[in-house]
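# What the coordinates show
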Amino acid sequence: VQTCALPIYERKWEKNWQFFQDKIIYSLNPYILLNDDCSVYKEKDIAWDRWTEKYGIPYLSTNLFNIDGELYSFFHSRVKTNHLSLQYYNGIVKYDEHLNILGYYEDPIHTPRDIICKDLYSRYFEWKRKAEQSPTIVNTLFFMTAYTKLNKLFIYTGINDCAAGIIEYEKEEIGRAHV
């Protein structure tokens, strides 16, 4: 295992680094791309205003995935709804072959109808019982990894840190990122 000395930034450390070939996407806002030795390869401000005004600051979520030669990744953001609650959103960002950001969806990806759930902890059942009784408990999906197979995109998620889920999209549903 090789350790990596991080550049010092005046913000908290990003925890969902995305590795792609010999580069590392460290953060989206600002967009920081590192070399594999953790030296800064590229740092650029991206105009996230259309997203941040409604949905909060974007943070990395999944690895990069390829659909018909186009590179994408999912990101997440959150907005405080009251003193105890956060509302989470998932979006898609599109990259060129040099990992420059070309654009992003202006609106969140909505939860599809079918999620295949896999139990991680016994507390999931207690959470599920409470969620069914209370409208304030929201199913928060954390997108962790994505891959394509045939004509589908599969996203592995965590649900409220209690269960794992697999979400399936048709490839045609991805690719409308605003450039």
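Quick caveat, the model's predicted, so the values are computed rather than measured.

Procedures and definitions
Residues numbered from 1 in each chain as written. Predicted model: local features only at pLDDT ≥ 70, side-chain atom pairs only at ≥ 80, totals over all residues. Heavy atoms only, no water. Pairing = 2+ DSSP bridges. Helix = DSSP H or I, 4+ residues; strand = E, 2+ residues; numbered from the N terminus. Patch = residues over 30% accessible without salt bridge, like charges linked within 9 Å, V, L, I, M, F, W, Y side chains within 5 Å. Areas by Shrake-Rupley, 256 points an atom, 1.4 Å probe, with all protein chains shown as cover. Salt bridge = Lys/Arg side-chain N within 4 Å of Asp/Glu carboxyl O. Buried < 20%, exposed > 50% of the residue type's maximum accessible area, 1.4 Å probe, protein only. pLDDT = per-residue confidence, 0-100. Contact = heavy atoms within 4.5 Å. Core = buried A, V, L, I, M, F, W, Y, C linked by side-chain atoms within 4.5 Å. Axes fitted to C-alpha atoms, helices over the stretch in contact; angles between N-to-C directions.

## Points about the pairing of strand E4 (residues 40–44)
Two strands pair when backbone bridges link them, and strand E3 (residues 31–35) and E4 are joined in this way by 4 bridges, in the antiparallel orientation. Residue pairing across strands places Leu 33 opposite Lys 42, the latter belonging to E4. Taken together, E3 and the strand that follows it, E4, pair antiparallel across an intervening segment of 4 residues, in which Cys 38 is found at a positive phi of about 75 degrees.

## A short note on a nonpolar patch on the surface
On the surface, a cluster of nonpolar side chains totalling about 270 Å² of accessible area is made up of Met 144, Tyr 147 and Tyr 156. With respect to the element layout, Met 144 can be found in strand E11 (residues 141–149). Given a relative accessible area of 46%, Met 144 falls into the partly exposed group.

## Digging into the pairing of strand E2 (residues 23–28)
Consecutive residues of a regular strand have side chains that alternate between opposite faces of the sheet. For E2, a buried count of 6 out of 6 residues is recorded, marking the element as mostly surrounded by other parts of the structure. Sheet topology places strand E1 (residues 18–20) next to E2; 3 bridges connect them, and they run antiparallel. In the strand pairing of E2, Phe 20 is matched with Lys 23. Linking E1 to E2, which pair antiparallel, is a turn of 2 residues; within it Gln 21 sits at a positive phi near 55 degrees. Adjacent in sequence and paired antiparallel, E2 and E3 are bridged by 2 residues.

## Some remarks on the confidence of the model for the protein
Of all residues in the protein, 66% have pLDDT values of 70 or greater, and the mean over the chain is 75. pLDDT under 50 marks residues 112–116. Its contacts with residues more than four places away, or in other chains, come to 11 contacts.

## Section: the pattern of salt bridges
Within this structure, the stated rule accounts for 3 salt bridges. Measuring nitrogen to oxygen at the nearest pair gives 3.3 Å for the salt bridge that ties Glu 106 to Arg 50. Pair noted here: Glu 106 is in the loop between strand E9 (101–104) and strand E10 (115–119) and Arg 50 is in helix H1 (residues 49–55), with a separation of 56 residues, a long-range link. The salt bridge partner of Glu 70 is Lys 94, with a shortest N-O separation of 3.4 Å. Here Lys 94 lies in strand E8 (residues 86–95) and Glu 70 lies in strand E7 (residues 70–80), a separation of 24 residues in the sequence. Here Glu 70 falls in the partly exposed class, since its relative accessible area comes to 30%.

## A closer look at the nonpolar core
The nonpolar side chains of a soluble globular protein tend to be buried, and buried together. Of all hydrophobic cores here, the largest spans 17 residues; its most connected members are Leu 28, Tyr 31, Trp 48, Tyr 95 and Ile 101. For this core, the elements supplying multiple residues, two or more each, are E2, E3, H1, E7, E8 and E9. Setting aside its immediate chain neighbours within four residues, Trp 48 contacts Leu 28, Asn 29, Pro 58, Phe 75, Val 93, Ile 101 and Tyr 104. Formed by 14 residues, the second largest nonpolar core is a distinct cluster that contains Tyr 72, Phe 74, Ile 167 and Tyr 169.

## Observations concerning the sheet that holds E3
An order of E1-E2-E3-E4 is seen for the 4 strands of this open sheet, with the pairing classed as antiparallel. Both outer strands of the open sheet, E1 and E4, are each paired with one neighbouring strand and no more. With direction set aside, neighbouring strand axes in the sheet form an average angle of 20 degrees.

## Section: unusual backbone geometry
Here Asn 29 and Pro 30 are connected by a cis peptide whose omega angle stands at 0 degrees. Residue position: Pro 30 is located in the loop between E2 and E3. Its identity as a non-glycine residue notwithstanding, Asp 68 has a phi of 50 degrees, on the positive side. Along the chain, Asp 68 falls in the loop between strand E6 (65–67) and E7. Since its relative accessible area comes to 64%, Asp 68 is described here as exposed. Unlike most non-glycine residues, Leu 99 shows phi in positive territory, near 65 degrees. Relative to the assigned elements, Leu 99 resides in the loop between E8 and E9. Leu 99 gets classed as buried once you look at its relative accessible area, which sits at 3%.

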